[in-house]
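# Structure at a glance
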Amino acid sequence: HFVINQGESISLIIARLYEERIISHPKLMKLSVRMFAPGKTFKAGEYKFTPDQSQIGVVESIINGSNLLHFFTIIEGEQSYSVLERLKSEPCLEGELNGALVEGSMLADSYGFFCHTNRAQLVKLMQASLQEYLMQAWPKHNMPINLTPSEVVTLASIVEQESTTFEEQPLIASVYFNRLKIGMKLQADPTTIYALTEGKQALGRLLTKKDLK
């Protein structure tokens, strides 16, 4: 992997490429740039090069932005249906995704990937990231009731949908904890809305008694 920083000169980039043994003839590369890409600039970002890549190939990659690290971001609270649709429409990814993605199975974060990455492999990475996060966070948790990690993720998503600010989330969570302690129904609007929309769109109206039934 090789990182080109914003504003770096071509001469400096070529010198660093030589230092990291990505190219073997810096003078030849400067000549290649002048001949094959006059007036072009090197695009900033993180690149991935293979040992058999020619100097001309390196020049083309940096100018065209191929082999450039891209990012896919899952937003906190984003439904899996939305994530699935965005993964399907990402032009740099390859391969099919069959069926729906399990809700709450991926960590909200930004994931770097290179063009031609398989969609299913990226999903596995995002799911593994959630499991790793839970393993690190679980020993530190102090739940007032006994819940599994999966149940905590589900409850957290309900709390997030019910809240408008981060500061009010502990209070909302405590209400649900108290209801769970006494075996009371959660009576959480987001769960009913999700049942109606399957997370595919906003409900766009108030809930009715018919919806609750």
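Residues numbered from 1 in each chain as written. Predicted model: local features only at pLDDT ≥ 70, side-chain atom pairs only at ≥ 80, totals over all residues. Heavy atoms only, no water.

### As for the packing of helix H6 (residues 149–162) against helix H8 (residues 189–197)
The N-to-C vectors of H6 and H8 enclose an angle of 100 degrees; their axes lie 8 Å apart at closest approach. Judged on the interaxial angle alone, H8 and H6 are roughly perpendicular. Within the contact between the two elements, H6 uses Ile158, Gln161 and Glu162 and H8 uses Asp189, Pro190 and Thr191. Grouping the constituent residues of the contact of H6 with H8 by class yields two nonpolar, two polar and two charged. (Axes fitted to C-alpha atoms, helices over the stretch in contact; angles between N-to-C directions. Helix = DSSP H or I, 4+ residues; strand = E, 2+ residues; numbered from the N terminus. Parallel < 35°, antiparallel > 145°, perpendicular 65-115°, else oblique. Contact = heavy atoms within 4.5 Å. Nonpolar A, V, L, I, M, F, W, Y, C, P; charged D, E, K, R; others polar.)

### Side note on the side chain of Ser129
Along the polypeptide, Ser129 turns up in helix H5 (residues 119–137). Among the residues examined, Ser129 registers a relative accessible area of 17% and is labelled buried. The residues touching Ser129, leaving out its near neighbours within four places in the chain, are Leu107 and Tyr111. (Buried < 20%, exposed > 50% of the residue type's maximum accessible area, 1.4 Å probe, protein only.)

### Some points on the environment of Ala120
With respect to the element layout, Ala120 can be found in helix H5. By relative accessible area, which is 30% here, Ala120 ends up partly exposed. Through-space distance from the C-alpha of Ala120 to that of Glu94 is 8.7 Å; in sequence the pair is 26 residues apart.

### Side note on the confidence of the model for the protein chain
Confidence in the prediction of the protein chain, expressed as mean pLDDT, is 88, and 100% of residues score 70 or more. Within the protein chain, the element-level pLDDT minimum falls on helix H3 (residues 55–64), averaging 83, and the maximum on helix H7 (residues 169–181), averaging 94. (pLDDT = per-residue confidence, 0-100.)

### Here we look at the packing of aromatic side chains
Any two aromatic rings considered together are summarised by their centre-to-centre distance and by the angle between their planes. Throughout the structure, instances matching the rule amount to one aromatic pair. Between the aromatic rings of Tyr47 and Phe49, the centroid separation amounts to 6.0 Å while the plane-to-plane angle is 5 degrees, which identifies the pairing as stacked. Taken individually, Tyr47 and Phe49 each receive the classification buried, so the pair is uniform in this respect. (Phe/Tyr/Trp six-rings, centres within 6.5 Å; stacked < 30°, edge-to-face > 60°.)

### Description of a nonpolar patch on the surface
On the surface, a nonpolar cluster with roughly 490 Å² of combined accessible area is contributed by Leu28, Leu31, Met35, Phe36 and Ile56. No other element matches helix H2 (residues 26–36), which puts four residues into the nonpolar patch. Among the secondary structure elements, Met35 is positioned in helix H2. A relative accessible area of 56% places Met35 in the exposed class. (Patch = residues over 30% accessible without salt bridge, like charges linked within 9 Å, V, L, I, M, F, W, Y side chains within 5 Å. Areas by Shrake-Rupley, 256 points an atom, 1.4 Å probe, with all protein chains shown as cover. Salt bridge = Lys/Arg side-chain N within 4 Å of Asp/Glu carboxyl O.)

### Section: helix H4 (residues 80–89)
Of all the residues in H4, the buried ones are Ser80, Val83, Leu84 and Leu87. Along H4, the residues classed as buried sweep out an arc of 100 degrees about the axis, all on the same side. Looking at the buried side of H4, the elements it contacts are strand S3 (70–73) and H5. (Arc of directions from axis to C-beta.)

### Some words on the nonpolar core
Formed by 18 residues in total, the largest nonpolar core has its most connected members in Phe72, Ile74, Val83, Leu87, Leu101, Leu122 and Met126. At the level of elements, H4, strand S4 (110–113) and H5 are the ones that each hand at least two residues to this core. With five residues, the top contributor of residues to this core is H5. Grouped together as the second largest cluster of nonpolar side chains are 17 residues, Ile13, Ile14, Ile23 and Met29 included. (Core = buried A, V, L, I, M, F, W, Y, C linked by side-chain atoms within 4.5 Å.)

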